[in-house]
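# Geometric and topological summary
These are the residues of each chain, in order.
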Amino acid sequence: MGSIGVIGTIDELNFGYGDKMRKLKNLLDRNLSWASAIKEEDPDFFARLSKQQSPEYLWIGCSDSRVPANQIVDLPPGEVFVHRNIANVVVHTDLNCLSVIQFAVEVLKIKHIIVCGHYGCGGVKAAMSEPEHGLIDNWLSHIKDVSRFNADKLKGLKENEKFDKLCEFNVIEQVKNVCHTTIVQDAWRKGVDLSVHGWVYSIKDGVLKDLDVCLTSRQELREL
């Protein structure tokens, strides 16, 4: 009886697993079509890609599913090294983000770090609201800091204008945070050609906006 019970349990587990896999089969099918289309256009594309990645850009963006880095700038796989989190925040205690920056700068030798936020950011909106959201509030406190730093500039604005401006101010603050990391500071000290940019993306029309923040040295950071 024990053996029959075990077999029955395994069958149930297998059925459940198979059912879940069938629900994702559409993604696997889409992947196959995508890979086939690329190989038809360029038979050696994946062979070249598998040997080495040598991107010039590190993209630090929001985790929002509507803001995919490569597609926005119309670049193929291998051209953009990407780190994403809620509201594109760069925190000096976030070893995940710092490790990405270090790998990008010191190993991949990227030339540009792009901090890209987006209008309509859910993280920024949540930081503007009063209700508590649980654990995420600890992360959103960094955006609340940005709001406090720019309180005078945000004062008197309509809610939607304040929302957009805070998305922009958040990007600028994170650009500064990137520049203050020991990684970027050391790179500039050694004369490495490295630029840090601040952009914001509009989900409504798909267009990127340059916030006119581009830092290439410690001197420019001091003058910002």
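Residues numbered from 1 in each chain as written. Predicted model: local features only at pLDDT ≥ 70, side-chain atom pairs only at ≥ 80, totals over all residues. Heavy atoms only, no water.

Moving on: the confidence of the model for the protein chain. Of the residues in the protein chain, 91% have a pLDDT of 70 or more, and the chain-wide mean is 92. Low pLDDT (under 50) marks residues 1-6, which in the prediction has zero contacts with non-local residues, meaning those over four places away or in another chain. (pLDDT = per-residue confidence, 0-100. Contact = heavy atoms within 4.5 Å.)

The terminal C-alpha atoms of helix 7 (residues 136-149) lie 21 Å apart, and with 14 residues this matches the ideal 20 Å at 1.5 Å per residue to within 8%. The sharpest bend along helix 7 reaches about 30 degrees and sits at His142. Within helix 7 the residues assigned to the buried category are Leu140, Ile143 and Val146. Close packing links the buried residues of helix 7 with helix 6 (122-128) and helix 9 (159-180). (Helix = DSSP H or I, 4+ residues; strand = E, 2+ residues; numbered from the N terminus. Expected span 1.5 Å × (residues − 1). Bend = angle between axes of the 7 residues up to and from the residue. Buried < 20%, exposed > 50% of the residue type's maximum accessible area, 1.4 Å probe, protein only.)

Tallied over the entire structure, the rule returns seven salt bridges. For the salt bridge of Asp42 with Arg48, the shortest nitrogen-to-oxygen distance reads 2.6 Å. A relative accessible area of 23% places Asp42 in the partly exposed class. Across the salt bridge formed by Asp64 and Arg66, the nearest N and O atoms sit 2.7 Å from each other. Taking relative accessible area as the criterion, Arg66 reaches 44% and is therefore assigned partly exposed. (Salt bridge = Lys/Arg side-chain N within 4 Å of Asp/Glu carboxyl O.)

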